Amino acid sequence: MDFTTAKKPDIIPADETQPIIISPGSSPRETDKDAFELPPELPILAVRNQVTFPGTIVPLSIRRDKSRQLLASLLPDQKIIAALCQKDPEDDNPAPQDLYQVGTAMMVLKLLRMEDDTQNLIVQGLSRIRVVDWLATDPYLRARIEPVLEFAAQDQQTEALMMNVRTMARRVIELSPNVPDEALVVLNNIKPPGALADFLASNLEMELDHRQMLLEETDVSKRLRIISEDLQQQAEILELSHKIHNQVRANIDKTQRQYFLQEQLKAIRKELGQVDEKQAEMQALRERIVAANMPHPVQAEALLQVDRLVNIPNASPEYSVILTYLDVLIELPWNQSAEDLLDVKRARKILDEDHYDLEKVKRRILEYLAVRKLAPDSHGPILCFVGPPGVGKTSLGQSIARALGRKFIRMSLGGMHDEAELRGHRRTYVGAMPGRILQEIRKTGSNNPVFMLDELDKLGADFRGDPTSALLEILDPAQNNTFQDHYLNVPFDLSRVLFIGTANYMGTVPPALRDRMEVIELPGYTQREKRQIAKKYLVPRQCRENGLKPTQAKWNDAAITKILQDYTREAGVRELERQIGAVCRGVAAKIAAGTSRGRTITPRLVSDLLGPRLYENELAQRTAQPGVATGLAYTPVGGTILFVEATAYPGKGQLLLTGHIGEVMKESAQAALSLVKSIANKNHVDSRRTVPTDIHIHVPAGAVPKDGPSAGVAMFTALMSLMTDRTVKPDVAMTGEITLRGLVLPIGGVKEKVLAARQAGIHTVILPAGNRKDLIDIPEDAKKNLNFVFARHVNDVLASALDGESTKMRVSRRKKKTTAKKTTL
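Residues numbered from 1 in each chain as written. Predicted model: local features only at pLDDT ≥ 70, side-chain atom pairs only at ≥ 80, totals over all residues. Heavy atoms only, no water.

Let's shift gears to the confidence of the model for the protein. Across the protein, pLDDT averages 82, with 89% of residues at or above 70. Confidence over residues 4–35 falls short of pLDDT 50; this stretch has 80 contacts with residues more than four positions distant or in other chains. (pLDDT = per-residue confidence, 0-100. Contact = heavy atoms within 4.5 Å.)

Next comes the structure, spelled out in structure tokens:
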């Protein structure tokens with residue numbers, strides 16, 4: 001709200017106005033008809049950015065030629081002119097249609113000529129007028145006008161409106177800065193309702209069109225209501241501004257008061273010879289930094305941060321950020337290391353105590369220890385254990401740490417998507433912290449722990465970054481001696497950390513990351529190995545965890561074999577341990593109930609406690625008809641048998657593939673069908689079976705994704721079995737990739753596939769000839785009672801897999817035998 005007086009003429013904008021408040025009693029109103037008389041024709045002065053109201057004195061800066069000609073021709077004879085606001089303030093030569101039609105008749109009080117050749121005009125608003133007809137546009141605007149009379153009801157409603165408007169106006173004046181004291185006096189002395197409305201309308205801040213609307217409104221009561229709404233809105237804005245101002249001022253005053261008192265306290269302590277608390281804290285920080293034995297560049301950065309901290313108030317948010325940063329720097333083990341116990345014989349003993357078999361893995365770990373003993377400063381390769389779940393990858397890392405005498409850290413990477421979890425966040429972010437790598441090392445207090453990065457194959461990547469890219473530096477011995485966490489922003493040496501990775505499947509690990517690690521495969525266990533692990537490790541541990549003494553639960557080998565055959569199907573031993581634990585809990589429940597003092601665990605007791613068998617041997621049933629072959633597959637959780645079913649029906653020679661199989665496996669099926677058609681004549685396949693017939697190949701367990709080329713042999717065998725009407729031998733399983741020439745190419749995962757075949761009751765395993773060398777990794781007890789056929793061509797597969805006669809020939813032979821028996825009788 002503007003209640004200021006007129007500005008000096010030399011700073012008034014061109015043709016713009018600023019109202020000067022006078023007592024409305026000194027100005028004639030429209031209702032005072034005897035005070036003055038308006039001529040019917042008046043010269044029109046175009047005014048921009050201002051609507052003038054009756055009862056105001058307004059200074060005008062005259063700069064346009066038309067305006068100067070108007071004054072030169074009228075003054076001093078005629079002193080009444082009409083002021084109309086122009087619609088577009090940028091228009092320097094407004095026409096009649098560019099002006100509002102309702103304005104104010106004004107009396108010229110004084111004309112001032114300035115040194116810069118501009119003229120300032122002081123005018124007084126008289127009454128509202130309306131343009132009736134335009135008479136001239138040159139040399140200046142001239143029009144026929146008529147007065148606009150307002151009407152005001154003299155009743156209680158109008159009195160109430162005036163009282164409400166005065167009250168709100170007083171509140172606005174109180175909240176408005178730089179308002180002269182005379183404003184309240186003028187407000188209280190205005191009696192006519194119209195004059196009160198014009199007084200407030202000319203001083204309230206509002207849009208130009210809204211102000212013009214108030215000028216054109218002749219109903220005083222309605223004008224007062226509009227003014228009341230505007231005052232209410234203005235008062236709310238001013239109250240909110242006042243509240244914010246008070247809050248800011250209170251905070252500033254509080255901070256200044258605290259600073260003043262702190263300075264006084266410092267002066268008092270100085271006079272008393274006491275040490276300042278902040279200085280003592282900074283000195284303690286410097287001593288801790290020196291005691292941390294940091295590298296020189298890191299120590300210099302830490303001391304620089306302490307110098308910054310001295311000049312920052314304790315209440316500042318930056319103070320706590322820097323203090324936390326310094327605490328992290330001090331607590332990191334820059335030179336604290338655990339002494340390595342490089343006793344190879346002791347390490348061998350610990351590995352044998354914790355893990356059964358795994359000779360290849362143990363040998364590689366002992367080689368690493370031997371190299372460290374002979375060359376302590378050498379940086380060995382990063383080891384990565386790859387194998388199905390439950391084969392002992394994580395526990396192997398714990399055994400390595402125990403053998404070395406180092407601390408052990410395990411960090412799971414499964415589901416990690418954000419690179420900042422490894423590298424940390426920059427300190428500019430609220431709540432920033434170091435990455436998980438340095439956080440875990442800080443907790444252990446040693447810079448050479450055994451650090452296991454679990455589940456490398458389950459890392460993700462999204463818009464926040466790729467964690468595998470951060471691991472490239474962390475796992476590179478040539479780079480990680482200067483690893484920089486985003487939070488620390490100083491190098492930290494990770495070269496002394498023994499990193500060990502684990503994964504179930506290396507196919508999803510990026511090649512660049514795989515290249516930085518030495519992959520050691522931990523294949524699945526055989527039945528004999530699982531039985532020994534159960535007797536030596538799992539049974540004693542589960543008995544101990546369930547409160548059973550050795551005399552209360554005696555396990556025999558048959559009970560363990562029962563669990564292995566009927567209740568587990570896995571490459572590792574996790575499910576085996578769960579089932580053993582279930583049996584131990586059942587025995588413990590009976591002992592706790594007083595119904596038994598102890599039990600010998602037999603196969604019958606296992607069946608009673610675990611219920612019906614979970615896995616059935618359905619191999620013979622599934623391969624009892626033509627078109628069904630048994631394949632071998634490798635999965636991240638170990639080997640498994642895979643059934644391939646094929647059927648034919650009349651159609652157009654199309655191939656339909658189902659069973660949630662991938663693109664590579666689909667291509668293998670196409671290649672198998674093409675090969676079958678190309679050798680159909682050589683294998684006595686009726687051509688009518690291949691041309692007008694649709695082929696459907698299905699791989700059961702459709703909810704499980706399947707892919708890879710190693711099912712090519714099984715698909716080819718299933719199709720040949722279907723075409724020749726010869727069944728596949730139920731105890732034969734096969735694996736291998738085929739070509740259109742009929743060659744059988746080598747594949748991977750031979751050990752896992754052979755173990756799965758043995759567990760499923762297979763007697764003959766058909767492998768590519770190129771995989772003969774892989775049998776050396778298979779334990780002798782797993783190869784026992786298994787017949788291996790090494791195929792170079794698909795003909796070798798057919799010779800070992802298919803029965804010698806077709807189903808029709810077999811049925812015919814059986815009928816002949818039955819007829820012969822009847823004849824003999």
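Any two side chains of opposite charge can pair, on the condition that their charged atoms come close. One pass over the full model with this rule turns up 39 salt bridges. Between R223 and D198 there is a salt bridge whose closest N-O contact spans 3.6 Å. You can see R223 sitting in helix α6 (residues 220–272) and its partner D198 sitting in helix α4 (residues 193–203), a full 25 residues away along the chain. Side by side, R223 and D198 carry an identical accessibility label, which is buried. A salt bridge links E780 to K783; the shortest N-O distance between them is 3.2 Å. Here the residue E780 and the residue K783 both occupy positions in helix α25 (residues 780–783), the gap between them amounting to 3 residues, near one helical turn. Residue class for E780 comes out exposed when judged on its relative accessible area of 59%. In the salt-bridge network here, residues are joined through shared partners; they are R128, E150, D198 and R223. (Salt bridge = Lys/Arg side-chain N within 4 Å of Asp/Glu carboxyl O. Helix = DSSP H or I, 4+ residues; strand = E, 2+ residues; numbered from the N terminus. Buried < 20%, exposed > 50% of the residue type's maximum accessible area, 1.4 Å probe, protein only.)

The next point concerns the pairing of strand β6 (residues 119–136). Across 6 bridges, strand β3 (residues 56–62) lies against β6 in antiparallel orientation. Following the sheet pairing, P59 is matched in β6 by I122. Relative to β6, strand β5 (residues 102–113) runs antiparallel, the two sharing 11 bridges. By the bridge assignment, M106 is partnered in β6 with G125. (Pairing = 2+ DSSP bridges.)

Moving on: the packing of aromatic side chains. Remark: the centre distance and the inter-plane angle together describe each pair of aromatic rings, the angle taken between the planes. Taken as a whole and assessed by the stated rule, the structure comprises 4 aromatic pairs. For the ring pair F451 and F499, a centre distance of 5.5 Å and an interplane angle of 40° mean the geometry is tilted. Here F499 lies in strand β13 (residues 498–503) and F451 lies in strand β10 (residues 450–454), a separation of 48 residues in the sequence. Both residues of the pair, F451 and F499, count as buried. In this structure, R772 packs its charged tip against the face of F790, placed 4.2 Å from the ring centre. (Phe/Tyr/Trp six-rings, centres within 6.5 Å; stacked < 30°, edge-to-face > 60°. Lys NZ or Arg CZ within 6 Å of the ring centre and 35° of its normal.)

This part covers the environment of D92. By secondary structure assignment, the location of D92 is in the loop between β4 (80–85) and β5. The exposure class assigned to D92 is exposed, which follows from its relative accessible area of 52%. The spatial distance from the C-alpha of D92 to the C-alpha of A46 is 9.7 Å, given a sequence separation of 46 residues. Setting aside chain neighbours within four positions, we find D92 in contact with R48 and R64.

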